[in-house]
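Structural characterization, general
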Amino acid sequence: MGDILFGLLAILIGVAASYGLYWLLNLLLSFLPERIRKKSDWLAFLTPAAVLVILILVAPLFQTIVWSFMDDRARNWVGFENYIDLFTDPRFLQILLNNFLWVLVVPALTVAFGTAAAALSNQVGPKLESIFKSLIFMPMSISFVAASTIWAYFYAYVPPGRPEVGLLNAVITSLGYSSQPWLTIDEWHINSFLLMAVVVWLQVGYSMVVISSAIKSVPEETIEAAQLDGANPWQIFFRIILPQVWGTVMSVFVTILILVMKIFDIVLAMTRGNFNTSVLAFEWYKQFFENSNIGPASAVITVLVILIAPLMWLQIQTARQQEMLR
Amino acid sequence: MKTNRTFWLLTSLLVLAAMILSACGGATATPAPAAEQPQQPAEQGGLPKGDGKVTIYGGYGEAQGAAFQKALTEFGQANGIEVTFVSLASFDTDIKVKIEAGQEPDIAMWPQPGGLKNLAEYLMPLEDVIDLSKPLSTLVPGWDKLAVVDGKIYGLPVSANMKTLVFYNPSAFAKHGYTVPTNAAELEALEAKIKADGTGYPWCAGIESGGATGWPFTDWLEQYVLDFYGPEVYAKWITGEVDFASPEITKAADEVAKRLLAEGQVNGGGISMATDSFQNTAPLFADGKENGQCFMLRQGSFITAFMPENIQEEIKAGNYTNLDVFPLPAPEGGQAGVLGGGDIAGVFKGHADQDVAKVLEFIFSPEVLKYQVATGDISPHKTFDLSLYPNEMQRKIGQAMANAAVFGFDASDQMPAEVNAEFWAAGTDFVAGRITWEEAAKRIDSKYP
């Protein structure tokens, strides 16, 4: 109870204080000569936010980069040793490969399924459409860890003779094949692909909803014009609709791309990185929290940041293009 | 107009100051009221007076935690101290987060001494808080050597478990005319007979355990290292002087492979061991090979908590027709050692006061476990009243602990956390048949600093 009161009080004081802060800034500005004030007031109002961003976002980033050149306890400098260790460790290279596969497969599949679901559901009439879309959208409301638990049962493997609990193995055995320990099979990184299926399942709903609304806003005239010109449904979709919603498709693609770069929960909950399924974010967790190796963990996360940065840029670009289209 | 402005200026300055103060207040309002107290001498009288509240964090399961809290509450009420036990879901990770956040408790209990030793800089030597002669006189030898840093004891055990146990189903043994093996030759003969009869598989041996997958395998290996080479080599193995690729450890690994990974020893072989939960004890009570029946399960004393409900009921009622234990016979050319684990408590710097000292003395005494033994834990004290054990089986286990001459604490739990994690992971890959022992050993050895 005391904690709650304290928290409420903190919120109150916080709101009052930020209000007071801006009010004070405004007041201080009013003392300045008119000429200077007109030129500098944006600076005064920007500063608090900028300071917060630097404290909360930029400073930790630089601290992490600095740590990545230090030892396990972040006390002594070790130069590039952490990076050399990482890139000479065959398992880390496998981790990079896994991340690469995730990035290659998941966004593309999610967007493809999402677009297909959006385009098809637009053809079946409003009643069926809402049922159809709700069903596809439903997994979105499940957290990653809960979804992992569900899918872990789907892939579950039991020794011969024991009651079957895995749905996939039940299907396989009913077809006359022998059951497989799915999540341990890393030939061709099959187990990683099985983990990816979970994310695709979760995110198709999101991609469908966003792309579907874009498709609905495609001007009717352009489609009618194409029909008059004798275009078939395929041509209408690929030549008329898709180019007009391409910006949306790309922004969904990049959003999921970044989500997948940081993928962590699925691996934690389903395989704990065993059997060659680890990814960068999980490797960082292992190094930082389980092994308390601050330096090497920071190196892992710095690699991740370097890989994600261009994607962020790409996302900003697509967002800007969207704006321009509007 | 001017005065009005000045007034508002001052008011806003006040608000700003309040904000800064509250921000600072938030950061320092951690539960460390005694943080600035100087280090106190050993006598309890020299410690600052307590605030009547003691907090303990640990990694106990639900039943264990409840029984532990019951004993603590009882002790607390008699001494006017409010003792709160909190179980952290993944203790090793969470306790570090709590320390970083300045929210460390007064006392914490590590399931692994390695974890405690890693964080020794945040802890204080126990001799600065309590008189250690009393707990040391009743503990089974070996327990006091686990959490020693720079010659000082930072942690002592509260509860223990034993892992040199083979659980079996006496009625299944009787049905097929099998007898409990007492030496290596008899064990091998029994394994051969089970396989020849086609009645089932000799061993139940799931090693899956979420993030800790692989630990049951490390227990097997530790057992054979201890049995083959005794405490000396065992200790050197922990510190890394004897590496995993050495002939000694390789021989022990070969023995484990012979026991578990050879054809027909475990249902589904190594790959199903790697995916089968250690908690899955049902096959021990199954009937017939086609139902995956297995006959022996080498596990810690805590495994009874994971047995099917009806079996647990039977044990509670003192009925051992379907479950009993025998000690794992030492391998050819070895001597039987007792292997176990337990939870080791230490006290945080700046938290020592008279109340904390009293609670420490209590949790390092045999009495603390009087309720907890009902959950499968056993006492690390020689003087624990054996009649308190809830059943005959646990009394047997408790007695073996009390009488242990060669006691080895779970080796992997004492290795650096990184080595331990790799031991689990590489061990799992070895069991699953994905790599050879040579490759596994190389991977683990590379984690030693």
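Everything numeric here is computed off the predicted structure, so don't read it as measured data.

Right, let's get into the overall build of chain B. A count of helices and strands for chain B gives 16 helices and 12 strands. A buried classification covers 48% of the 449 residues belonging to chain B. Restricting to contacts in chain B with at least 6 residues of sequence separation, those with at least 24 account for 77%.

Helix and strand counts for chain A stand at 13 helices and zero strands. Mapped in sequence order, the helices and strands of chain A form the string α-α-α-α-α-α-α-α-α-α-α-α-α. The C-alpha atoms of chain A give a radius of gyration of 26 Å, which is well past the 20 Å a tight globule of 326 residues would have. Projected onto its principal axes, the C-alpha positions of chain A cover 85 × 65 × 50 Å. Per-residue burial for chain A yields a buried fraction of 30% across its 326 residues.

Residues and elements named next belong to chain B. Extensive coverage of strand S9 (residues 294-299) is indicated by the burial of six of its six residues. Sheet analysis places strand S8 (residues 201-204) next to S9, joined by three bridges and oriented parallel. If you follow Tyr201 over to S9, its bridge partner there is Cys294.

How big an interface is tends to be reported as the loss of accessible area on association of its parts. At the interface, 23 residues of chain A touch 32 residues of chain B. Only helix H1 (2-31) and helix H12 (280-290) of chain A provide two or more residues apiece to the side of chain A that touches chain B. Among the elements that make up the side of chain A that touches chain B, the one with the highest residue count is H1(A) (nine residues). Along the lines of polarity and charge, the residues of the side of chain A that touches chain B split into 13 nonpolar, seven polar and three charged.

Once that is clear, we can look at the domain arrangement of chain B. Residues and elements named next belong to chain B. For chain B, the domain assignment lists domain 1 (47-162 + 340-401) and domain 2 (165-336 + 416-445). Each of domain 1 and domain 2 has a C-alpha centre, and these two points are 29 Å apart. In this complex, domain 1 contributes 18 residues to the contact, which on the side of domain 2 involves 16 residues. For the side of domain 1 that touches domain 2, the secondary structure elements donating two or more residues are helix H4 (113-118), strand S6 (152-162) and helix H13 (392-402). Broken down by element, the side of domain 1 that touches domain 2 gets its largest block of residues, six residues, from H13.

Quick look at helix H12 (residues 354-363) of chain B now. Owing to its 3.6 residues per turn, the α-helix brings residues three or four apart onto one side. Taken across its 10 residues, H12(B) has eight buried, putting it largely inside the fold. Regarding H12(B), the residues found buried are Asp355(B), Val356(B), Ala357(B), Lys358(B), Val359(B), Leu360(B), Phe362(B) and Ile363(B).

Residue and element names in this part refer to chain A. Turning to its location among the elements, Ile316 is positioned in helix H13 (residues 294-325). Taking the C-beta count within 10 Å as the criterion, Ile316 has 11 such neighbours and is therefore assigned exposed. Measuring from C-alpha to C-alpha, the distance between Ile316 and Val254 comes to 9.6 Å, with 62 residues separating the pair along the chain.

Before going further, it helps to spend a moment on the sheet that holds strand S7 (residues 165-168) of chain B. Residues and elements named next belong to chain B. Spatially, S8-S9-S7-S10 is the arrangement adopted by the four strands of the open sheet, whose pairing is mixed. The strands lining the two open edges of the sheet, one partner per strand, are S8 and strand S10 (324-327). With direction set aside, neighbouring strand axes in the sheet form an average angle of 30°. Sheet topology note: the S7/S9 ladder contains four bridges and is antiparallel. In the strand pairing of S9, Leu165 is matched with Gln299.

Turning our eyes to something else, we now look at the environment of Trp203(B). Residue and element names in this part refer to chain B. Along the polypeptide, Trp203 turns up in strand S8. Trp203 sits in the buried class, given 21 other C-beta atoms within 10 Å. Separated by 231 residues in the primary sequence, Trp203 and Arg434 have C-alpha atoms spaced 21 Å apart. Those residues in contact with Trp203, other than ones at most four positions away along the chain, are Arg259, Leu260, Gln265, Val266, Cys294 and Met296.

Turning our eyes to something else, we now look at unusual backbone geometry. Phi at His189(A) takes a positive value of approximately 55°, unusual for a residue other than glycine. Considering the arrangement of structural elements, one finds His189(A) in the loop between helix H7 (167-174) and helix H8 (190-216). Notably, Asp150(B) is not glycine yet its phi reads approximately 50°, a positive angle. Relative to the helices and strands, Asp150(B) resides in the loop between strand S5 (147-149) and S6.

Residue and element names in this part refer to chain B. The alternating pattern of strand S3 (residues 107-110) places Ile107 and Met109 on one face and Ala108 and Trp110 on the opposite face, and all of these are buried. Relative to S3, strand S1 (residues 53-58) runs parallel, the two being bridged by two bridges. Note on S3: the bridge partner recorded for Tyr57 is Ala108. Summarising the sheet, S3 and strand S11 (residues 338-348) pair through four bridges and their orientation is antiparallel.

So, on to the packing of H1(A) against helix H2 (residues 34-67) of chain A. All names here are of chain A. Running from amino to carboxyl end, H1 crosses H2 at an angle of 160°, the nearest separation of the two axes being 10 Å. As judged from the angle between their axes, H1 and H2 are roughly antiparallel. The hand of the H1/H2 crossing is right-handed. Taking contact as the criterion, the partners of Leu21, Leu25 and Leu29 in H1 are, on H2, Arg37, Asp41, Ala44, Phe45 and Pro48. Class assignment of the residues belonging to the contact of H1 with H2 gives a composition of six nonpolar, no polar and two charged.

Let us now look at the nonpolar core. One finds Ile107(B), Val225(B), Val347(B), Val356(B), Val359(B) and Leu360(B) to be the most contacted residues of the largest nonpolar core, which totals 120 residues. Split by domain, this core shows at least three residues from each of two domains, domain 1 (47-162 + 340-401) and domain 2 (165-336 + 416-445) of chain B. Those residues within four positions of Val225(B) in sequence are excluded, and the remaining contacts are Val233(B), Tyr234(B), Trp237(B), Glu248(B), Ile249(B) and Ala252(B). If you look at the next biggest cluster of nonpolar residues, it comprises 52 residues, including Ala117(A), Tyr155(A), Val200(A) and Ile215(A).

Further remarks concern the confidence of the model for chain B. Residue and element names in this part refer to chain B. Per-residue confidence for chain B gives a mean pLDDT of 86; residues scoring 70 or more make up 90%. Looking over chain B, one finds the lowest element-wise mean pLDDT in helix H1 (residues 2-28), namely 50, and the highest in helix H9 (residues 247-261), namely 95. Here residues 21-43 scores under 50 on pLDDT; set against residues more than four positions off or in separate chains, the count is 26 contacts. This prediction of the complex comes with two scores: 0.76 for pTM and 0.73 for ipTM.

A few words now on helix H10 (residues 233-261) of chain A. All names here are of chain A. Here H10 spans only 36 Å end to end across 29 residues, well under the 42 Å set by a 1.5 Å rise per residue. At Leu242, H10 shows its largest bend, some 55°, and a proline, Pro243, comes one to four positions later. Listed in full, the buried residues belonging to H10 are Ile241, Val245, Thr248, Val249, Ser251, Val252, Val254, Thr255, Ile256, Leu257, Val260 and Met261.

Our focus in this paragraph is the domain arrangement of chain A. According to the domain assignment, chain A consists of domain 1 (2-50) and domain 2 (81-147 + 186-325). Here domain 1 of chain A and domain 2 of chain A have C-alpha centroids that lie 40 Å from each other.

Turning next to the packing of helix H4 (residues 90-121) of chain A against H10(A). Residues and elements named next belong to chain A. At a closest axis distance of 9 Å, the pairing of H4 and H10 adopts a crossing angle of 140°. In terms of orientation, H4 lies oblique with respect to H10. Along this stretch, H4 crosses H10, giving a crossing that reads as right-handed. Where H4 approaches H10, its residues Asn99, Trp102, Val103, Val106, Pro107, Thr110, Val111, Gly114, Thr115 and Ala119 are matched on the opposing element by Phe237, Val249, Val252, Phe253, Ile256, Leu257, Val260 and Met261.

Along the chain, the position of Ala147(A) falls in helix H6 (residues 144-155). On a C-alpha basis, the gap between Ala147(A) and Met250(A) in space is 26 Å, while along the polypeptide they are 103 residues apart.

Analysis parameters
Think of each chain on its own: its residues are numbered from 1, step by step along the sequence as written. Chains carry letters and ligands carry numbers; both start at the beginning, A for chains and 1 for ligands, and go up in the order they are written. At least 70 in pLDDT is required for a residue's local features to be given in this predicted model, at least 80 for side-chain atom pairs to be given and counted, and no such filter applies to totals for whole chains, interfaces and linings, which use all residues. Helix and strand definitions follow DSSP, with helices as H or I runs of at least four residues and strands as E runs of at least two, each counted in order from the N terminus. As a rule, residues whose C-beta atom has 12 or fewer other C-beta atoms within 10 Å are exposed, those with 20 or more are buried, and those in between are partly exposed; C-beta atoms are placed from the backbone. Each residue gets a C-beta atom placed from its backbone, and two residues are in contact if those atoms lie within 7 Å. Throughout, the radius of gyration refers to the C-alpha atoms, and the reference size of a globule is 2.2 Å times the residue count to the power 0.38. At least two DSSP bridges between two strands are needed for those strands to be called paired. When residue character is reported, Ala, Val, Leu, Ile, Met, Phe, Trp, Tyr, Cys and Pro are called nonpolar, Asp, Glu, Lys and Arg charged, and the others, Gly included, polar. Here the bounds of each domain stem from an automatic or database domain assignment. For every element, the axis is a line fit to its C-alpha atoms; helices are fit only across the contacting stretch, and the angle between N-to-C directions ranges from 0 to 180 degrees. Roughly parallel means an angle under 35 degrees; roughly antiparallel means over 145; roughly perpendicular covers 65 to 115; every other angle is labelled oblique. Left-handed describes a crossing whose near helix is turned anticlockwise from the far helix through less than a right angle; right-handed describes the clockwise counterpart. We call a set of buried Ala, Val, Leu, Ile, Met, Phe, Trp, Tyr and Cys residues a nonpolar core when their C-beta atoms link them within 7 Å. Every residue gets a pLDDT, meaning the predictor's confidence in that residue, from 0 to 100. To estimate how far a helix should reach, multiply one less than its number of residues by 1.5 Å. Two axes enter the bend calculation: one fitted to the seven residues ending at the residue in question, the other to the seven starting there, and the bend is the angle between them.

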